[in-house]
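Chains, contacts and geometry: an overview
Below, each chain spelled out in residue letters.
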Amino acid sequence: MDCSQHYKMLKDMEKDPKNLAKYQKMYKYAYLLSDGVFKIVFTEEKSHSLLISLLNAMLDLHGGDAIGEISLEMQEFPGIFNKKNCIVDIIGTTNAGEKVLVEIQQQKDKFFKDRVEYYVSRVIENQVHKSEKFELPHIYFLGLLDFELFPEEEHEYIHHVDEMCHGKKFFPKIQKVFVEIEKFFKLEKLGFTKDDESDAAQWLRAIRVVIKEDPAPEKIMQNETFRWLLESVKLINFAEELFNCEVKKMTDVMAERENTFAEGKEVGRAEGASAERTKADQEKRQMAKSLKEQNVDVSIIAKSTGFSEEEIRSL
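These lines cover the structure that appears in this document, whether it is placed above or below.

Calculation rules
- Residue positions within a chain follow its written sequence, with the count starting from 1.
- It should be noted that, the model being predicted, local features are given only for residues of pLDDT at least 70 and side-chain atom pairs only at 80 or more, the latter also being counted only at that level, while totals for whole chains, interfaces and linings use all residues.
- Where side-chain values are given, they derive from all heavy atoms of the structure, hydrogens and water being excluded.
- Numbering of helices and strands runs from the N terminus, with a helix taken as a DSSP run of H or I at least four residues long and a strand as a DSSP run of E at least two residues long.
- Note on exposure labels: buried denotes an accessible area under 20% of the residue type's maximum, exposed denotes more than 50%, and partly exposed covers the range between, all computed with a 1.4 Å probe on protein chains only.
- Note on areas: Shrake-Rupley, 1.4 Å probe, and residue coverage restricted to the protein chains presented here.
- Here an axis means a line fitted to C-alpha atoms, over the contact stretch when the element is a helix, while the angle between two N-to-C directions is reported on a 0 to 180 degree scale.
- Roughly parallel covers angles under 35 degrees, roughly antiparallel covers those over 145, roughly perpendicular covers 65 to 115, and oblique covers all other angles.
- Any two residues having at least one pair of non-hydrogen atoms within 4.5 Å are treated as being in contact.
- Side-chain classes are defined by residue name, with Ala, Val, Leu, Ile, Met, Phe, Trp, Tyr, Cys and Pro counting as nonpolar, Asp, Glu, Lys and Arg as charged, and the others, Gly among them, as polar.
- By nonpolar core we mean a set of buried residues, namely Ala, Val, Leu, Ile, Met, Phe, Trp, Tyr and Cys, connected to one another through side-chain atoms within 4.5 Å.
- A pair of strands is labelled paired if DSSP reports no fewer than 2 bridges between them.

**As for the overall build of the chain**
A tally of helices and strands in the chain yields twelve helices and ten strands. Here the chain, with 315 residues, has 38% of them falling under the buried criterion. For the chain, the accessible area works out to roughly 18800 Å², and carbon and sulfur atoms hold 52% of it.

**Here's the deal with unusual backbone geometry**
The backbone of D60 shows a phi angle near 60 degrees, a positive value even though the residue is not glycine. By secondary structure assignment, the location of D60 is in the loop between helix 4 (49–58) and strand 1 (70–72). For D60, a relative accessible area of 48% corresponds to the partly exposed category. Its identity as a non-glycine residue notwithstanding, E213 has a phi of 60 degrees, on the positive side.

**A look at the packing of helix 6 (residues 181–190) against helix 7 (residues 199–212)**
Two numbers describe how helix 6 lies on helix 7: the axes approach to 10 Å, and their chain directions differ by 95 degrees. As summarised for this structure, helix 6 and helix 7 are arranged roughly perpendicular, according to the angle between their axes. Contacts between helix 6 and helix 7 involve I181, E182, F184, F185 and E188 from the first element and A201, L204, R205, I207, R208, I211 and K212 from the second. Residue composition of the contact of helix 6 with helix 7, by class: seven nonpolar, no polar and five charged.

**Side note on the nonpolar core**
Judged by nonpolar contacts, the single largest core of 62 residues is most densely connected at F42, M58, L144, W203 and F243. Of the residues forming this core, the biggest block, nine residues, is contributed by helix 7. When residues no more than four places from it in sequence are discounted, the contact partners of M58 are L142, L144, I158, V177, V179, A200, W203 and L204. Core analysis: the second largest hydrophobic core is formed by 16 residues, Y119, F147, L149 and F178 among them.

**Digging into helix 6**
One turn of the α-helix equals 3.6 residues, which is why residues spaced by three or four share an orientation. For helix 6, the full list of buried residues reads I181, K183, F184, F185 and L187. The positive-phi residue at the C-terminal boundary of helix 6 is G191, with phi of around 90 degrees.

**Overview of the pairing of strand 10 (residues 174–180)**
The element strand 10 is extensively covered by neighbouring structure, given that seven of its seven residues are classed as buried. Neither face of strand 10 is left uncovered, since the one carrying I174, K176, F178 and E180 and the one carrying Q175, V177 and V179 both have all their residues buried. One ladder, built from seven bridges, connects strand 6 (residues 139–145) with strand 10; its direction is parallel. Looking across to strand 10, one finds that L145 is bridged to E180. With four bridges joining them, strand 7 (residues 158–161) and strand 10 adopt antiparallel strand pairing. Bridge assignment links I158 to a residue of strand 10, and that residue is V179.

This is the structure we're talking about:
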């Protein structure tokens, strides 16, 4: 099930929650990149083996750098005073004491990059306490995207984003990795990734089976991790209550967007009216100035334009 099919299911469930049964007959897998499904698949397993495998693949961690264990934490950093809350999809600490943030983004958002920086900064803020020295742990941010964030890089689907200075990483303790999932699917279809045998590519091929409802290649089915992924994400596994929560969230988001749009139209109308008034005032002033230069009596100009005689003399 892909994003559009998922939203169609939610809309049908908004009309009648029992419509879930219809979709369970139509689709084998749930939409893996929905917040609820992703969190259940990758956080409720006791050993977190799926999450660890995904992180090591996407962050390109191997050998002694690879994550061996991870303990998950509260997802929310409450706002202080008038600051916004920070709610990350998944946040955890590895066996090496490193912080890992995972954020799923289904649709393009003008301020997505801003939100990433805010999330990372809030995690940083919580690392150093009074009387401690300013020593941060290694912090990884992994963004799994169902849209293209880097359209100018046509043949790259994984992007490591770092602060650079004179060709060197300025602060290598903070690493941001963005994975364009849909772009990988396009590259795979066009044959650009046929020789890509990386762990990340194998993971994305398994995710493609889930999202596109494609037959699973033999290589995927031979991998115990991917067999467990495919079993875990079957649509029949998920209760009606999960999607009811997503229906409510979808309704709230749509209402918020409609209110924002309505407010934007009102602001636009007000700004347009203000601009028209400013233009008319400038034209009247120009006319008054022209009449004054032609030695027309000031009292006559005042009656014609509505300006005071003092204003006209100052032009």
